[in-house]
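Understanding the architecture of this molecule
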Amino acid sequence: MPMKVFLIIAALTAGVESGVCADQTVVSSNNATADNFNYAGKLGAGIIIGEPTGGSVKYWLNDTLALDGAVGWSLHDHSDLYVHSDVLWHDFYLIPVPQGRLPLYFGVGGLARFRDNHYDNEVGVRVPVGLSYMFDNASVDIFVEVAPAVDVAPDIRTELTGGIGIRYWF
């Protein structure tokens, strides 16, 4: 039963992601323009430490909207594998910095914990909020996020996920 719930959440997340308009433009309050960023189509891969600890990926749909995901180990007892995926919206102008870019991001997504055979798998919804520092002259970003979550199967309970990480951009 939990696998069915996970598949439903994954399908709903994919539907939300594909239904979002991909031609948004960034409106600038300073001299920077959306053309300076040009993130659309970029893929980043790296690591995250926290809940989960493992690999992290992010793909930009346009200059303000991205998909991210992580797969790794969970800090919860008896968890063998943790997976999450989110849709993220970025605000590049809320926190101005003299060099690089420091967008605040927020989003919504799903998570799943696959557990050993004596315990039920867990499926939930998470709402990440974070900061990502993007360097001017390096294909690297560092990020920190906090993601309140609600596990919906097999039982309903709240928790806090998130972590710190680094990604290389291709």
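Before reading further, recall that the structure is shown in the block above.
Residues numbered from 1 in each chain as written. Predicted model: local features only at pLDDT ≥ 70, side-chain atom pairs only at ≥ 80, totals over all residues. Heavy atoms only, no water.

**Section: the packing of aromatic side chains**
- Tallying each qualifying case throughout the model produces 6 aromatic pairs.
- Centre to centre, the rings of W60 and F92 are 6.1 Å apart; their planes meet at 35 degrees, and the pair counts as tilted. With W60 in strand β2 (residues 53-60) and F92 in the loop between β4 (79-91) and β5 (104-115), this pair connects stretches of sequence that are 32 residues apart.
- Judged by its relative accessible area of 0%, W60 is buried.
- Measuring from ring centre to ring centre gives 5.1 Å for Y168 and F170, while their planes differ by 80 degrees; the resulting arrangement is edge-to-face.
- You can call Y168 partly exposed: its relative accessible area is 44%.
- According to the relative accessible area criterion, F170 is exposed, its value standing at 61%.
- We note K58 situated over the ring of Y105; from NZ or CZ to the ring centre the distance is 4.9 Å.
- The positively charged end of R167 is found above the aromatic ring belonging to F143, 4.0 Å away from the centroid. (Phe/Tyr/Trp six-rings, centres within 6.5 Å; stacked < 30°, edge-to-face > 60°. Helix = DSSP H or I, 4+ residues; strand = E, 2+ residues; numbered from the N terminus. Buried < 20%, exposed > 50% of the residue type's maximum accessible area, 1.4 Å probe, protein only. Lys NZ or Arg CZ within 6 Å of the ring centre and 35° of its normal.)

**Side note on unusual backbone geometry**
- Here E51 and P52 are connected by a cis peptide whose omega angle stands at 15 degrees.
- Inspection of the secondary structure puts P52 in the loop between β1 (43-51) and β2.
- Between A153 and the following residue, P154, the backbone shows a cis peptide bond with an omega angle of 5 degrees.
- With respect to the secondary-structure elements, P154 resides in the loop between β8 (140-153) and β9 (157-169).

**Comments concerning the side chain of D86**
- Relative to the helices and strands, D86 is located in strand β4.
- For D86, a relative accessible area of 0% translates into the label buried.

**Regarding the pairing of strand β6 (residues 122-126)**
- A large share of β6 lies buried, amounting to 4 of its 5 residues.
- Two elements, β5 and β6, share 5 bridges in a ladder whose sense is antiparallel. Residue pairing in the sheet places G109 in a bridge with R126 of β6.
- Where β6 lies against β8, 4 bridges are found, and the strand directions are antiparallel. Across the sheet, residue V125 finds its bridge partner in β8, namely V150. (Pairing = 2+ DSSP bridges.)

**Describing a nonpolar patch on the surface**
- Side chains of I47, I49, F135, I142, V144, I164 and I166 sit close together on the surface and give an oily, nonpolar patch of about 580 Å² of accessible area.
- Mapped onto the nonpolar patch, the elements with two or more residues apiece are β1, β8 and β9.
- If you trace the backbone, I47 turns up in strand β1. (Patch = residues over 30% accessible without salt bridge, like charges linked within 9 Å, V, L, I, M, F, W, Y side chains within 5 Å. Areas by Shrake-Rupley, 256 points an atom, 1.4 Å probe, with all protein chains shown as cover. Salt bridge = Lys/Arg side-chain N within 4 Å of Asp/Glu carboxyl O.)

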